[in-house]
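Structural features, examined
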Amino acid sequence: MWQRLAKFVLKNRLILLFLLLLTTAVMAFFASKIKMSYEFSKAIPVDNSKYQDYLSFKEKFGDDGNVLVIGVKSNDFFKLKNFQAFSKLNQELKKVPYVEAVLSVANAVDLLKDSAEQKLDAIPVFPKNPATQEQIDSSLKVFNTLPFYRSLLYNPSTHAYLVVVRINKDILNSKGRTKVIDDIIGKTNNYTAATNIPTHISGLPLIRTQVADRIAHEMKWFVIGSLILSALILLLMFRSVKTTLLSLLVVIISVIWSVGIMYLFGYKITLLTALIPPLIVVIGIPNCIYFLNKYHSTYKKTGDKEQSLIDMVSKMGVVTLFCNLTAAIGFAVFALTKSAILVEFGEVAGVSIMLIFAISFILLPGVLSFMEVPDKNELKYLDVRIFTNFLLKVDHWVFNHKKIVYACTIVLVIFSVFGIFKLKTEGFIVDDLPKTDKIYTDLKFFEHNFHGVMPLEIVIDTKKRYGLAGASALPVLVKMDSLSSYIKKQPEMSRPLSIVQGIKFVKQGFYEGDSLNYALPNSFDIAFVGDYLRPKKDTGSQNTLSKLLTSFIDTARESTRMSINMADVGTEKLPVILKNLRTKTDKIFDSSKYKITFTGSTITFLEGSSYIIRGLKVSLLWAFLFIALCMLYLFKSLRILVCSLIPNIIPLVVTAGIMGWTGVRLKPSTVLIFSVALGIAIDVTIRFLVNYKQELPANNFNINKTVSDTIKNTGLSILYTSLVLIAGFVIFCFSGFGGTQSLGWLTSVTLFAATLTNLILLPVLLLDISKKRKNTGLKS
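Now for a look at the structure at hand. Position numbers for residues start from 1 in each chain and track the written sequence from start to end. Confidence filtering applies because this is a predicted model: local features only for residues at pLDDT of at least 70, side-chain atom pairs given and counted only at 80 or more, and all residues used for totals across whole chains, interfaces and linings. Values shown for side chains rest on all heavy atoms present in the structure; no hydrogens or waters enter the calculation.

**With respect to the overall build of the chain**
Basically, it comes down to this: Labels follow the DSSP assignment, with helices taken as runs of H or I lasting at least four residues and strands as runs of E lasting at least two, numbered in each case from the N terminus. Relative accessible area decides the class of each residue, using a 1.4 Å probe on protein chains only: under 20% of the type maximum gives buried, over 50% gives exposed, and in between gives partly exposed. In this analysis, two residues are considered to be in contact whenever any of their non-hydrogen atoms come within 4.5 Å of each other.
Looking only at helices and strands, one finds 24 helices and 10 strands in the chain. Its C-alpha atoms put the chain at 110 × 50 × 45 Å along the principal axes. Split into buried and exposed, the 780 residues of the chain put 57% on the buried side. Intrachain contacts of the chain at a sequence separation of at least 6 include 80% that bridge at least 24 residues.

Here it is as structure tokens:
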């Protein structure tokens, strides 16, 4: 069949090449329309209960991920020049398009009682444009009597101060958010220039925006870098510009197709799908090397160009098909999970890898048939001394040192298993950023001074309409205050913000600003204070405070929220904190009367990370199963199947062990490595065994001679392709994201180990099983 296909491709090469170029032009059009994803990655299935809780929360109270915080720290914060600059910063931030609200010390308000109108007037504490130091000092005395703002907008013990900026949620899901964030950063830089006080910026809008922009930037450079590196290796190998350009053409077309498919599937570029184009380059080049190596080695023996092309297509076609199929399986199994981000990556990568085969199967023989025959200079790589000497040593070890090979393998596996026991499963929201990155250091600033910025929401549902209206709300508020006191003592959490703090502030205002009255009203107070809680439409009472109060209770007066900012404690520590918090809420709130829900971006991150890790572990098992079925179909032998899987399981064990010994944690970005590496590494096994099977009849089923010939002949192309693959993945080590860096060097380690196990251990296993099937080999 493959002979007929080879002749068909060569006979109809002009038509096939024309159709390939035409469809590539169409896919290039689609690829040009691809867009970046500006939404937070959907790691959790939409039917997940915690995700449903989060959607319910947003429907009642709005988004929790649209707040950006700016922090400064200085003992001279209230000096005239510095405070004037800070006040100007607040005014400038309000002018930034799509900024909806700005809250800070500079625009803090005090509540002054108007007994005649039974209202509280919101009066700015500090003048808008302070002119003298005396004005600031006088206002500061008033501000220090307002406990509402303490720990919310400033930390008196560290002299750190906050600006809270709320951004329109719709702009945060569009490309326009980059300009908004850049404008805000520009304003803060002006403040620093005027005062020499450093500013720190954090919050999910900043983190998501800057990470997405870096992804887009890295994707371009990774594709260019992988192409340049591949071109250099190919040029050194083939010593031919024409052959190098042909190979690059294959991968460039493949990249265009992969991005076009991404668009046709309705997907956008995310942190994961951005890896696909450079991965296509890395995986596509070995296809070219195997095809060209077969063409060159056959031509060197026969000197017949046409027959060499037919042999290239017929003998390497089946090998490359199954190699691409197993590689595609390694990626496509992610589509079996319910995580949208993994499904997108799996579908696009799986289809794209299979298309590499179709593109190389048509383009290489078609173009080579029009090119001149390879000269002696192009064939020199077949006799590179360093590689041929290495393969001769491998051949010697396989036949003369089997026990040492087994012993070294066992020692390596035992060493790796001990490392696996040290492996930890833990992830952080900014885990993939370097510790020196400004996003990371600024986040730590807020954790040190304000206990963090990651949003956690607690929803208290009274289970009855108007359960929070009038005097009936007082028992609920008391319970919430008790919970707030507990949370405030936790080192990983900031003081909660809820209607409790707002009502305490109102009571303080009712009692003429006496800070001793910053407390919940009792049953006696509530009758008097209650009138002052009702907004008066004609008095401009819809100030920042009244908006704050109304945003913390739903329209049915049934549910209220407690907003907490917390540190990025990681997926290992967070469940423990939440469990303790749940124990406390269960003690305070009677479950028959109240429903307490923990939600927010922090909860969805934890659930998403756990879900992705579980999904990737399951997908790895599916990958093993499907690849094993492919191998069984290809070789129709259980013994060969076992021989093929052992050299590929060991590199994965070694990689897991190295992760344990080096302290690399198991997280979404590193679990990905195993399925990817398995899908690619199994290629080496397939190429070795298929060539072994093809050469066996030519050697009269002499196992020893066939194994030796396969090591010397196929081993050469395996070494070259492994070199390209390892070098290709090393490119990812230059990423600004830790997960991508880990993908680079750990996958390279896995492929290096797989190359050695397939060149040394696999032949030893073949020789041992042949003792029971001497002189029969793979006749079946």
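After that view of the structure, there is still more to cover.
**Concerning the packing of aromatic side chains**
Quick reminder of the rule: Aromatic rings from Phe, Tyr and Trp, taking only the six-membered ring of Trp, are treated as a pair when their centres fall within 6.5 Å; an angle between ring planes under 30 degrees marks them as stacked, one over 60 as edge-to-face, and anything in between as tilted. Remark: a charge is flagged as sitting over a ring if the NZ atom of Lys or the CZ atom of Arg is within 6 Å of the ring centre and within 35 degrees of the ring normal.
As enumerated under the stated definition, the model contains 32 aromatic pairs in all. Here the aromatic rings of Phe-143 and Tyr-154 are separated by 5.1 Å at their centres, their planes lie at 45 degrees, and the arrangement is tilted. Taken together, the residues Phe-143 in helix 5 (residues 133-143) and Tyr-154 in strand 5 (residues 154-155) connect sequence positions 11 residues apart. Like Tyr-154, Phe-143 is buried. Considering the side-chain rings of Phe-148 and Tyr-149, the 5.1 Å spacing of their centres and the 85 degrees angle between planes classify their relative orientation as edge-to-face. Overall, the relative accessible area of 3% leaves Phe-148 in the buried class. An aromatic cluster of three or more residues is present, and its members are Phe-77, Phe-78, Phe-83, Phe-86, Phe-126, Phe-143, Phe-148, Tyr-149, Tyr-154, Tyr-161, Tyr-191 and Phe-505. Here Lys-636 stacks its cationic end above the ring of Tyr-633, 4.8 Å away from the centre of that ring.

**Section: the sheet that holds strand 9 (residues 559-566)**
Filter applied, for reference: We treat two strands as partners when DSSP finds at least two bridges between them. Comment: axis = line fitted to C-alpha atoms, over the contacting stretch for helices; angle = value between 0 and 180 degrees taken between N-to-C directions.
Read across the sheet, three strands follow the order 9-8-10 without closing on themselves; strand pairing throughout is antiparallel. Either end of the sheet is taken by a strand with one partner, and the two such strands are strand 9 and strand 10 (595-599). Geometrically, the sheet is characterised by an average inter-axis angle of 20 degrees between neighbouring strands, direction not taken into account. On the sheet, helix 19 (residues 574-588) packs against strand 8 (454-461), strand 9 and strand 10 and is oriented at approximately 160 degrees with respect to strand 10.

**Structural notes on helix 5**
Keep this limit in mind: The reported arc concerns the directions from the helix axis to the C-beta atoms and nothing else.
Restricting attention to buried positions, one finds in helix 5 the residues Ile-136, Ser-139, Leu-140 and Phe-143. One face of helix 5 carries all of its buried residues, which in axial projection span an arc of 110 degrees. When the buried face of helix 5 is taken as reference, the exposed residues oriented beyond 90 degrees from it are Glu-134 and Lys-141.

**Quick word on the packing of helix 10 (residues 305-332) against helix 22 (residues 668-695)**
When two helices pack together, their arrangement is captured by the angle between the axes and the distance separating the axes. Selection criterion: These descriptions rest on fixed angle ranges, namely under 35 degrees for roughly parallel, over 145 for roughly antiparallel, 65 to 115 for roughly perpendicular, and the rest for oblique. By definition, any crossing whose near helix is turned counterclockwise from its far helix by less than a right angle is left-handed, and any crossing with a clockwise turn is right-handed. Amino acids outside the nonpolar list (Ala, Val, Leu, Ile, Met, Phe, Trp, Tyr, Cys, Pro) and the charged list (Asp, Glu, Lys, Arg) are all regarded as polar, and Gly is one of them.
It is at 8 Å that the axes of helix 10 and helix 22 come closest, and there the two elements cross at 160 degrees. In terms of their interaxial angle, helix 10 and helix 22 are classed as roughly antiparallel. The two elements helix 10 and helix 22 cross, and the hand of that crossing is right-handed. Facing Lys-315, Met-316, Val-318, Val-319, Thr-320, Phe-322, Cys-323, Thr-326, Ala-327, Gly-330 and Phe-331 of helix 10, the residues of helix 22 in contact are Ser-675, Val-676, Gly-679, Ile-680, Ile-682, Asp-683, Ile-686, Arg-687, Val-690 and Gln-694. Looking at side-chain class alone, the contact of helix 10 with helix 22 contains 12 nonpolar, six polar and three charged residues.

**Structural notes on a positive patch on the surface**
We count it as follows: Nonpolar side chains (Val, Leu, Ile, Met, Phe, Trp, Tyr) within 5 Å and like charges within 9 Å form the patches, drawn only from residues with over 30% relative accessible area and no salt bridge. The Shrake-Rupley method, run with a 1.4 Å probe sphere, supplies the accessible areas, and residue values consider only the shown protein chains as cover. Only one rule defines a salt bridge in this text: a Lys or Arg side-chain nitrogen within 4 Å of an Asp or Glu carboxyl oxygen. Here the positive residues are Lys and Arg and the negative ones are Asp and Glu; neither His nor the chain ends is included. Every charge is mapped onto a representative atom, which is NZ of Lys, CZ of Arg, CG of Asp or CD of Glu.
Taken together, Lys-33, Lys-35, Lys-175 and Lys-268 make up a surface patch of like positive charges. Note that Lys-268 resides in the loop between helix 8 (241-264) and helix 9 (276-302).

**What to know about the state of the cysteines**
Heads up, the condition is: Disulfides are defined as cysteine sulfur pairs within 2.5 Å.
Within the structure shown, the criterion is met by zero disulfides. As a non-bridged cysteine, Cys-323 has Cys-630 as the owner of its nearest cysteine sulfur, 11 Å distant. Looking at the unpaired Cys-643, the closest cysteine sulfur is the one in Cys-323, lying at 17 Å.

**With respect to the side chain of Thr-244**
This is how it is decided: Polar contacts here mean pairs of N or O atoms no more than 3.5 Å apart (in protein, one a potential hydrogen donor and the other a potential acceptor; neighbouring residues in sequence count only if both atoms are side-chain atoms).
Counting through the fold element by element, Thr-244 comes out in helix 8. From its side chain, Thr-244 meets the backbone nitrogen of Leu-235 in a polar contact 3.5 Å long. When near neighbours in sequence (up to four residues on either side) are disregarded, Thr-244 contacts Ala-231, Leu-234 and Leu-235.

**Notes on the pattern of salt bridges**
According to the stated counting rule, one finds 12 salt bridges in the structure shown. With its nearest N and O atoms 3.6 Å apart, the salt bridge here joins Lys-95 to Glu-92. Of this pair, Lys-95 and Glu-92 both sit in helix 4 (residues 80-95), three residues apart, roughly one helical turn. Here Glu-92 falls in the partly exposed class, since its relative accessible area comes to 22%. Through salt bridges with shared partners, a single ionic network connects Glu-92, Lys-95 and Lys-187.

**Remarks on the nonpolar core**
Note the following rule: The nonpolar core is taken to be a set of buried Ala, Val, Leu, Ile, Met, Phe, Trp, Tyr and Cys residues, with the residues joined through side-chain atoms within 4.5 Å.
Tyr-149, Ile-184 and Ile-458 are the most contacted members of the largest nonpolar core, which has 252 residues in total. Aside from chain neighbours lying at most four places away, what touches Ile-184 is Leu-68, Ile-70, Leu-93, Val-96, Val-99, Val-165 and Ile-167.

**Re the pairing of strand 9**
Within strand 9, seven of the eight residues are buried, which leaves the element mostly enclosed by the surrounding structure. For strand 8 and strand 9, the ladder comprises eight bridges, and the chain directions are antiparallel. Bridge assignment links Ile-460 to a residue of strand 9, and that residue is Thr-560.

**Quick notes on helix 4**
Heads up, the condition is: Helix span, expected: 1.5 Å multiplied by one less than the number of residues in the helix.
Taking 1.5 Å per residue, 16 residues should reach 22 Å; helix 4 reaches 23 Å between its end C-alpha atoms and fits that length. Lining the buried residues of helix 4 we find strand 1 (67-73), strand 2 (99-104), helix 5, strand 6 (160-167) and helix 6 (177-195).

**Concerning the environment of Gly-736**
Structurally, Gly-736 is set in the loop between helix 23 (703-730) and helix 24 (738-770). With relative accessibility at 26%, the residue Gly-736 sits in the partly exposed group. Distance in space between the C-alpha atoms of Gly-736 and Asp-432 is 8.0 Å, their sequence separation being 304 residues. Ignoring any residue separated from it by four or fewer positions in sequence, one finds Gly-736 in contact with Glu-218, Asp-432, Leu-433, Pro-434 and Gln-741.

**Structural notes on unusual backbone geometry**
For Ser-151, which is not glycine, the phi dihedral falls at a positive 75 degrees. Within the secondary structure, Ser-151 is located in the loop between helix 5 and strand 5. Of the residues examined, Ser-151 reaches a relative accessible area of 34% and is grouped as partly exposed. Even without being glycine, Arg-557 reaches a positive phi, approximately 55 degrees. You can see Arg-557 is positioned in the loop between helix 18 (544-550) and strand 9. Taking the relative accessible area as the measure of exposure, Arg-557 reaches 38% and is therefore partly exposed.

**A look at the environment of Pro-277**
Along the chain, Pro-277 falls in helix 9. In this structure, the C-alpha to C-alpha distance between Pro-277 and Ser-708, residues 431 residues apart in sequence, is 37 Å. Non-local contacts of Pro-277, meaning those with residues more than four positions away in its chain, are made with Met-219, Val-223, Val-255, Ser-258 and Val-259.

**Observations regarding the side chain of Lys-294**
Here Lys-294 shows up in helix 9. Buried charge without a salt bridge: Lys-294, with Glu-695 as the nearest opposite-charge side chain at an N-O distance of 4.6 Å. For Lys-294, the contacting residues outside a window of four places in its chain are Asp-311, Met-312, Lys-315 and Met-316.

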